[in-house]
Amino acid sequence: MDFTLSSDQSALMSALDRLAAPFEQKPTDFHGFALAGPRLEQELENGEYFGIARIPELGALTAAMAVERLAWLPYSVEIALSMLVHPQLGDEWQRPLALVENGRPGRFLATARTALVVDGDHIGLARVAAGEVVPVDSIFAYPMGRFSRTPQVTACSATDAAKLRKWLRIALAAEISGLLHAAIASTVEHLSLRKQFGRQLGTFQALRHRMAECAVLAGGVRWLTLKAAATAEDGDAALAALHAQDSATRIVYDLHQMLGAMGMTLEHPLHLWTYRVKALLSELGGRSGQAQAAARYCFAGA
Amino acid sequence: MDFQWDAAQQEFRTTVRTFLEQHLPADWESLAHGPGSETQSTFSKRFCAQLAQAGLLVPHWPSRWGGRDADAWTAFILAEEMWAVGEPRGGQYMNVNWIGPTLMRFGTDEQQATYIPPMAGGQTIWCQGFSEPEAGSDLASLRTRAERDGAAYRINGQKIWTSYAGHADTCFLLARTAPGKTGMSIFLVPMDTPGITVRQIPSIIGEGDIHEVFFDDVRVPAGALLGAEGQAWEIARNALSLERVGIPRFALAACSLRRAVSALQRAGRLGQGAMEQSARALAACEAARLYSYHIVDQRQHGAPTGPEASAARYATVMAERLAGDFVVEHCPDALAGSDPLLLAHHQRAIVAGIASGAAEIQLNLIASELLRLPREPR
Ligand SMILES: Cc1cc2nc3c(=O)[nH]c(=O)nc-3n(C[C@H](O)[C@H](O)[C@H](O)COP(=O)(O)OP(=O)(O)OC[C@H]3O[C@@H](n4cnc5c(N)ncnc54)[C@H](O)[C@@H]3O)c2cc1C
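The following paragraphs examine the structure supplied in this document.

What counts, and at which threshold
- Residues numbered from 1 in each chain as written.
- Chains lettered and ligands numbered in written order.
- Predicted model: local features only at pLDDT ≥ 70, side-chain atom pairs only at ≥ 80, totals over all residues.
- Heavy atoms only, no water.
- Contact = heavy atoms within 4.5 Å.
- Buried area = accessible area lost by both parts, 1.4 Å probe.
- Salt bridge = Lys/Arg side-chain N within 4 Å of Asp/Glu carboxyl O.
- 1 Å grid on protein atoms, 1.4 Å probe; cavity = no way out; pocket = protein on both sides within 12 Å on 5 of 7 lines; lining within 4 Å.
- Points joined across faces, edges and corners; volume = space filled by probe spheres on them.
- Disulfide = S-S within 2.5 Å.
- Core = buried A, V, L, I, M, F, W, Y, C linked by side-chain atoms within 4.5 Å.
- Buried < 20%, exposed > 50% of the residue type's maximum accessible area, 1.4 Å probe, protein only.
- Helix = DSSP H or I, 4+ residues; strand = E, 2+ residues; numbered from the N terminus.
- Near = heavy atom within 4 Å.
- Polar contact = N/O pair within 3.5 Å; in protein donor to acceptor, adjacent residues only side chain to side chain.
- Areas by Shrake-Rupley, 256 points an atom, 1.4 Å probe, with all protein chains shown as cover.

### Description of the interface of chain A and chain B
Part 1 of the argument: Taken together, the contact pairs 47 residues of chain A with 46 residues of chain B.
Part 2 of the argument: Summing the contributions of chain A and of chain B, the shared interface buries around 4300 Å²; its carbon and sulfur component is 69%.
Part 3 of the argument: The three residues of chain A that bury the most area against chain B are Met 1, Arg 208 and Phe 299 of chain A, which together make up 21% of that side's buried surface.
Part 4 of the argument: At the surface where chain A touches chain B, the tally comes to one salt bridge.
Part 5 of the argument: Across the pair Asp 246 of chain A and Arg 280 of chain B runs a salt bridge, and its minimum N-O distance is 2.8 Å.

Put into structure tokens, the structure is as follows:
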């Protein structure tokens, strides 16, 4: 047990900080739902960051930290699945990846090369050809898409499906963890600036305590995620995804509440994090699905 | 970053578990729910002496005081295993975690020679006299006075909620020697000093846990002062920071949860709702565990403990609540005689947000120091 970063991990996180610096702020003239980041994606490709998990000195734990760090940015780029799930696929399956569950629109599907197609307990893989997918307008802060005709799906074995599901859970938790961090920071900034009744809102205890609870929940998500990425245990992955979806449901509500009407605008960046979180709340069976999986894994033979 | 235990840590945990299997009596669980009771106190002296003999009472203390200079992880693994079975050390966990180390840091040679060896031998019980009827969260408003009287101090006042006071040998007492926050001092007061009266407060949290302690013209020699007059805040802060992650409550919460789930499974009564609820509670326990590990890791590396300790505390409070509520909702029979360990857990869980600093005070700290929100006006 040792929570200090190795020198390789520190170096990588510093490099990511530098890479992320130009992308920290939403462009002031952007008033859309999902902020695409092709330049960010290109820089990550050029720096070979999508392969972090495959480097023995770094591994999946560092990849999870990277996913989390990059989710602080207001830009939506397919990072989590590429960094944490893609290493589990054969070389013939190319990134970007999209997750399509039970026929619903999927994040990044319109630009993905490979789709993970989830149908109940089954998972299959499909190559995404241009012309087979169409973008879908949505309130979510991810570019969404759907298949315009039924894709040809290669079914995964039950063992592979379980393994993919585990890494999908870790990717989900890592992304939610980073998004919550950024959304909380953005709300703290608002509460520190906005004054009502002659005081900064952040001085009112009713809000301070709720924010503190949100911070504790989000910190818990982070620890569970990092542990799951490090151990690669099914139970740890399910607990991390459960705590992420469960905590996020509450946190997102509280954060929007604290911004008042400002939180409803496309001008304020909060939705760029919270409406990515909301898109993730339903994935992989939602919190009820994670809870059942976690109970099955963790209480077997209790 | 590494989430695995190394071989020595695993071996140490196994040693502690084996010791517990061999030394906890068959009826241990029925003793566990009276943390300051006569039976528990007597038991803890026998048990802690055995722990001491096996080198498992104070391994993290310096060898000069009977330890073996083991690291922060060793101390925490030990605490986890003890707490997970219902804390057979009783009130002596306080000696091990913070009273002993505080005396090592601030005590005179004489105080150390008098008080540390009996702690290292598992032979003595202490109580902590901080809270007063008018001074709970706002500890700085305390009124108990210690006035210099020649070569002695004369103490007058009242403490409340004092755990283990009924069987304690010595009190780690906070009293006022001058007005204001800087006018507070710590005294090491033998509980058999004339003028001390202890009255147990009947409670829902187990026999002998909380007491009122009255000090009527209690005379103690000047040598009972720990550190200097007015140094109490510094000493108490130091002591409380050791205590903040000292109790791995999540360990008993997680064990209780497993036990409750297992009972429901055996009875064929673990429905989907209960199953999901149990997983939520377990996630909260594991989050609290990792938060606490983070603090232990900071200590291990000699880093100061920051506001993350408050976050760890609060995460633990949330976990205790979910685990405790699970048992109340799904295994109510445990609180009605069928499972003394689950009852003991319940009694500990309900005080998690109150004892050793209320949860809302932690939230204030988190808001100001972790989130850096502007402070409340005073
Ligand atoms: C089982 C148990 C064992 C204990 N053992 C000991 C012991 O051995 N020695 C000892 O000295 N003490 C002991 N205590 C006392 C404990 O330290 C106090 O209960 C604690 O500090 C809270 O004080 P209080 O009970 O007076 O509550 P109060 O301070 O009256 O608080 C009541 C409620 O108001 C909230 N509150 C208070 N101030 C604020 C604020 N500024 N903002 C927002 N909310 C606020 C609190 O968070 C709490 O929810 C024990 C308590 C328990 C329950």
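Following the structure, the description resumes.
### Re empty space enclosed by the protein
Residue and element names in this part refer to chain A.
Part 1 of the argument: Tallied over the full model, the rule gives five cavities of 30 Å³ or more.
Part 2 of the argument: The calculated volume of the second largest cavity comes to roughly 60 Å³.
Part 3 of the argument: In this structure, the second largest cavity is lined by Val 67, Leu 70, Ala 71, Tyr 75, Val 77, Ile 79, Ala 80, Glu 175 and Arg 276.

### As for the state of the cysteines
In a disulfide, the sulfur atoms of two cysteines are held together by a covalent bond.
Part 1 of the argument: In this structure the tally under the stated criterion is zero disulfides over all chains.
Part 2 of the argument: Cys 255 of chain B supplies the cysteine sulfur nearest to Cys 285 of chain B, a cysteine that is in no disulfide, at a spacing of 9.4 Å.

### Observations regarding the nonpolar core
Part 1 of the argument: Ranked by size, the top nonpolar core spans 232 residues in total, and within it Met 83 and Leu 84 of chain A together with Phe 172 and Phe 187 of chain B carry the most contacts.
Part 2 of the argument: If one sorts the elements of this core by residue count, helix α5 (residues 158-193) of chain A sits on top with 17 residues.
Part 3 of the argument: Setting aside anything within four residues of it in sequence, one finds Phe 187 of chain B in contact with Ala 146, Tyr 153, Cys 171, Phe 172, Leu 173, Ala 175, Thr 177, Val 220, Ala 224 and Leu 225 of chain B.

### A look at the site of the ligand
All names here are of chain B.
Part 1 of the argument: Around the ligand lies a shell of 19 residues, among which Gln 128, Ser 131, Ser 137, Ser 163 and Glu 360 are the nearest.
Part 2 of the argument: Ser 137 is positioned with one of its side-chain polar atoms (N or O) 2.6 Å from an oxygen atom of the ligand.
Part 3 of the argument: With respect to the ligand, the side chain of Ser 163 contributes an N or O atom lying 2.9 Å from a nitrogen atom.
Part 4 of the argument: Considered on its own, the ligand offers 970 Å² of accessible surface; in the complex 67% of this is hidden by protein.

Note that all results are geometric; they support no functional claim without further evidence.
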